Amino acid sequence: MKTEKKTYPLRDIPLLSELSDNSLEDLNRKIKYVRFKKGDVVILAGDESNSLIFLLEGELNVVDTNEEGEFYWLATIKSGIHFGELGLIIGQKRSATVIAVQESVVGFLPRNDALDLILNQPTVAWKLMHRMANIIEKTNAQLAIVNLSNARDRVEALLSERAETYANGMVVIENLPSQQNLAKMANTSRETVSRIISKLIKEGILEKDYRRLIVRQPNKLKGLS
């Protein structure tokens, strides 16, 4: 971890893209930029929510821990994304740990400056509200998955949630949680998850490619069809 003294092109961050040049210059003076090495912990679950955070370079993984203390993947944060606003606004501690997947530059805007930005810049406030609405929608979708009566439906829905479509049209599931963690999320057993994934591969719906899954028949995977 190393503090950076240079400034960054904040207009590339969608949340800040409509701010004036003067406002962006002011933010650049207030943001603390830190360079993290691969594997460094950027945020630890339980930390105080004392900043709005921006990823300027690199890639981060949001992870949680299981009962054995092992990390499992929740989400990936790409360059240009902001995060941490929910805990900042409602005063909650960080709910998950964030780890650098590769060398990354992260900007931390202190809480008071972040709240001032939100309260005095309507475009920023609107974009944050839109993002929070998406978070609520995603949470409701996850609850709907848990309430599905069939284990295969739950597992397929979880896989679909993590699928990404590449520019060439290929649908891929990267950074898949362990089968044990998938089982917990799907409210079933690890053996059941293993059996369902093996069956999906046998049916030609999925194809295993090293540490990822390629969705060969997206129309037959629940949630993508």
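Calculation notes
- Residues numbered from 1 in each chain as written.
- Predicted model: local features only at pLDDT ≥ 70, side-chain atom pairs only at ≥ 80, totals over all residues.
- Heavy atoms only, no water.
- Pairing = 2+ DSSP bridges.
- Helix = DSSP H or I, 4+ residues; strand = E, 2+ residues; numbered from the N terminus.
- Axes fitted to C-alpha atoms, helices over the stretch in contact; angles between N-to-C directions.
- Patch = residues over 30% accessible without salt bridge, like charges linked within 9 Å, V, L, I, M, F, W, Y side chains within 5 Å.
- Areas by Shrake-Rupley, 256 points an atom, 1.4 Å probe, with all protein chains shown as cover.
- Salt bridge = Lys/Arg side-chain N within 4 Å of Asp/Glu carboxyl O.
- Buried < 20%, exposed > 50% of the residue type's maximum accessible area, 1.4 Å probe, protein only.
- Arc of directions from axis to C-beta.
- Contact = heavy atoms within 4.5 Å.

Considering the sheet that holds strand S3 (residues 41–43)
Taking strand neighbours across the sheet as the criterion, the four strands line up as S3-S8-S5-S6 in an open arrangement whose pairing is antiparallel. Only two strands of the sheet have a single neighbouring strand rather than two, namely S3 and strand S6 (71–78). Sheet twist, expressed as the mean angle between neighbouring strand axes with direction ignored, is 35°. Note that strand S5 (residues 59–65) and strand S8 (residues 97–100) share four bridges and pair antiparallel. From the neighbouring strand, asparagine 61 faces S8, where its bridge partner is isoleucine 99.

Here we look at a nonpolar patch on the surface
Taken together, the side chains of Leu86, Ile89, Ile90 and Ile135 make up a nonpolar region of the molecular surface, amounting to roughly 320 Å² of accessible area. Tallying contributions element by element places helix H2 (residues 85–90) first for the nonpolar patch, with three residues. By the secondary structure assignment, leucine 86 is in helix H2. Note on leucine 86: relative accessible area 40%, which makes it partly exposed.

Some remarks on helix H1 (residues 21–30)
Note that an α-helix has 3.6 residues per turn; residues three or four places apart therefore point the same way. Considered for burial, the residues of H1 that qualify are Leu24, Leu27 and Asn28. Viewed along the axis of H1, the buried residues span an arc of 105°, placing them on a single side of the element. Exposed positions of H1 whose direction lies more than 90 degrees from the buried face are Asn22 and Arg29. For H1, the elements touching its buried residues are strand S2 (32–36), strand S9 (104–110) and helix H3 (111–120).

Looking at the sheet that holds strand S13 (residues 212–215)
Strand pairing in a sheet relies on backbone hydrogen bonds. The paired strands run either parallel or antiparallel. The antiparallel open sheet is built from four strands, whose spatial order is S10-S11-S13-S12. Only two strands of the sheet have a single partner each, and these edge strands are strand S10 (163–165) and strand S12 (206–209). Neighbour to neighbour, the strand axes of the sheet diverge by 30° on average, direction disregarded. Sheet topology note: the S10/strand S11 (residues 171–173) ladder contains three bridges and is antiparallel. Bridging from a neighbouring strand, alanine 163 pairs with isoleucine 173 of S11. Relative to the sheet, helix H5 (residues 151–161) contacts S10, S11, S12 and S13, its axis offset from that of S10 by approximately 40°.

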